[in-house]
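Here are the chains, one letter per residue:
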Amino acid sequence: MWNEWPSQPQSLAEMFPGGVAPRAALIELGMSHSSISRRCRPGGSWSRPIPGVIVFNNGTLTGEQSCRAALAHAGPDAMITGHQAIRMHGGHRMAKTDIVHVLIPHASRVSSWGFATVERTIHLPEPVIINGIPVAPLARALIDATRRMHDLDAIRAMIAEAVQRGMCDPRDLQHEISQGSTIGSALPRRVVNEMNKGIRSAAEAWGRKVVDRSNLPGAEWNVALFDSDGRMLGIADCWWDDVGMALEIDSLEFHLGPAGYANTVEKHSRFTAAGVTIMHVLPSHLRDRPLAVIQQLRAAHKHAALRPRPDITAKLWRPAA
């Protein structure tokens, strides 16, 4: 009987991680509907954030409790995807939201409720278990999140972070785009296609437009440069091999923080020592002052052509598999 519960070897917290339980599971343990309802009334010790889901406290849900409550509502084969999944994988550039996006098998008939957004899919991936919670693989979570976004630059930043930090393989993103729903896929598809062409951030996408308008021939994006001894100097944002000139987009934001920026400064020092002509530009100038940047590019290219080309070998760069 439920009133004998304190003598049982397990506590509710041990049985239900995060303090979240399906109401049906509590009934199976012998607790009555009336007893559960009484605890969930205003001023009671429990709460019911979603019909059929019980949380063993009456305060604001933690992020973990929200995820577990959404999963309890969605059913045994459900998994977290979207922004909450990106956060659990270690991403930092996802949007802050209270919505928990959950994937379920296509045959399921569970509907969305409150903060739990339920999506049926015929392509249910194998989940990754993070802190005991089933989570969609990062590539799938990114595509699911960005299909519901409208800010192209924010989408670029999210995807660029995952790829630049080695958290996600671009081929996995391409796979998810090709097999997933076409609803809302135009913007993430555009970003993945940009990445396949070597563009990995919003700043570089702005830069590509400016470079194309400059009519300077032979520009290549994300190129690995090697000195005469075969030592790698770094990755140039944009490279003109005919004159040995690099365009570098300088910003803390697009280099993932101060550590990334410090690495960029060291890279620029290696470029300069090897004789590379470097033109530095801010992302805001690419976006807001493109004509001025074009004039500077043409002048820098002309100047670079006047001196002997440095002994530099360039190769198109792709993230390691």
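Each value, and the rule that gives it
- Residues numbered from 1 in each chain as written.
- Predicted model: local features only at pLDDT ≥ 70, side-chain atom pairs only at ≥ 80, totals over all residues.
- Heavy atoms only, no water.
- Pairing = 2+ DSSP bridges.
- Helix = DSSP H or I, 4+ residues; strand = E, 2+ residues; numbered from the N terminus.
- Axes fitted to C-alpha atoms, helices over the stretch in contact; angles between N-to-C directions.
- Contact = heavy atoms within 4.5 Å.
- Buried < 20%, exposed > 50% of the residue type's maximum accessible area, 1.4 Å probe, protein only.
- Salt bridge = Lys/Arg side-chain N within 4 Å of Asp/Glu carboxyl O.
- Phe/Tyr/Trp six-rings, centres within 6.5 Å; stacked < 30°, edge-to-face > 60°.
- Lys NZ or Arg CZ within 6 Å of the ring centre and 35° of its normal.
- Parallel < 35°, antiparallel > 145°, perpendicular 65-115°, else oblique.
- Left-handed = near helix turned anticlockwise from the far one by under 90°.
- Nonpolar A, V, L, I, M, F, W, Y, C, P; charged D, E, K, R; others polar.
- Polar contact = N/O pair within 3.5 Å; in protein donor to acceptor, adjacent residues only side chain to side chain.

All right, on to the sheet that holds strand β9 (residues 219–226) then. Spatial ordering of the open sheet is given by β12-β11-β10-β9-β13, a layout of 5 strands whose pairing is mixed. The open sheet has two free edges, formed respectively by β12 (277–281) and β13 (313–316), since each of these has just one partner strand. On average, each strand axis in the sheet is inclined to that of its neighbour by 45°, with strand direction left out of account. Bridge count between strand β11 (residues 245–249) and β12: 5 bridges; the pairing is parallel. In the strand pairing of β12, Met245 is matched with Thr277. Where helix α10 (residues 202–214) meets the sheet, it contacts β9, β10 (232–240) and β11, and its direction lies at approximately 115° from that of β9. This element, helix α13 (residues 290–305), spans β10, β11 and β12 of the sheet and lies at about 170° to β12.

Attention now goes to the pairing of β9. For β9, the tally of buried residues reaches 6 of 8 residues, placing the bulk of the element in the interior. Relative to β10, β9 is paired through 7 bridges, and the arrangement is antiparallel. Across the sheet, residue Phe226 finds its bridge partner in β10, namely Met232. The antiparallel hairpin formed by β9 and β10 contains 5 residues in its connecting segment, where Gly230 sits at a positive phi of about 85°. Bridge count for β9 against β13 is 4 bridges, and the pairing is antiparallel. Within β13, the position partnered with Leu225 by the bridge is Ala314.

Turning next to the pattern of salt bridges. Following the criterion strictly, the structure yields 16 salt bridges and no others. When the shortest N-O distance is used, the salt bridge between Arg147 and Glu119 registers 2.7 Å. With Arg147 in the loop between α6 (138–146) and α7 (152–164) and Glu119 in strand β6 (residues 116–121), the pair connects residues that are 28 residues apart, well separated along the chain. No difference in accessibility class separates Arg147 from Glu119, as the two residues are buried. We note a salt bridge from Asp144 to Arg147, for which the minimum N-O separation is 3.2 Å.

Inspection of every chain in the model, using the stated rule, returns 2 aromatic pairs. On the basis of an interplanar angle of 70° and a centroid distance of 6.1 Å, the ring pair of Phe16 and Phe56 is categorised as edge-to-face. You can see Phe16 sitting in the loop between α1 (12–15) and β1 (20–22) and its partner Phe56 sitting in the loop between β3 (53–55) and α4 (63–74), a full 40 residues away along the chain. We note that Phe16, like Phe56, is buried. Members of the aromatic cluster, connected to one another through ring pairs, are Phe16, Trp46 and Phe56. A cation over an aromatic ring shows up here: Arg39 above the ring of Trp46, its NZ or CZ 5.3 Å from the ring centre. Positioned above the aromatic ring of Phe226 is the side chain of Lys315, whose terminal nitrogen or guanidinium carbon lies 5.4 Å from the ring centre.

Remark: α10 packs on α13, axes separated minimally by 9 Å, with the N-to-C direction vectors making an angle of 60°. Considering their axes alone, α10 and α13 lie oblique with respect to each other. Crossing angle aside, the handedness with which α10 passes α13 is right-handed. Between α10, through Val210, Val211, Arg213 and Ser214, and α13, the contact on the second element is made entirely by Pro290, Leu291, Val293, Ile294, Leu297 and Arg298. Residue classes in the contact of α10 with α13 are distributed as 7 nonpolar, 1 polar and 2 charged.

Structurally, Asp151 can be placed in the loop between α6 and α7. Among the residues examined, Asp151 registers a relative accessible area of 44% and is labelled partly exposed. Distance in space between the C-alpha atoms of Asp151 and Ala186 is 12 Å, their sequence separation being 35 residues. Looking at Asp151, its side chain comes within polar contact range of the main-chain nitrogen of Asp153, at 3.1 Å. Only 3.2 Å separates the side chain of Asp151 from the backbone nitrogen of Ala154, close enough to count as a polar contact.

Attention now goes to the packing of α6 against helix α8 (residues 170–179). Geometry of a packed helix pair, given as the angle between the helix axes and the separation of the axes. Where α6 contacts α8, the axes come no closer than 9 Å and their chain directions differ by 50°. By the angle between their axes, α6 is oblique relative to α8. Relative to α8, the crossing made by α6 is right-handed. Where α6 approaches α8, its residues Ala139, Arg140, Leu142 and Ile143 are matched on the opposing element by Asp172, Leu173, Glu176 and Ile177. A class-by-class count of the residues in the contact of α6 with α8 yields 5 nonpolar, no polar and 3 charged.

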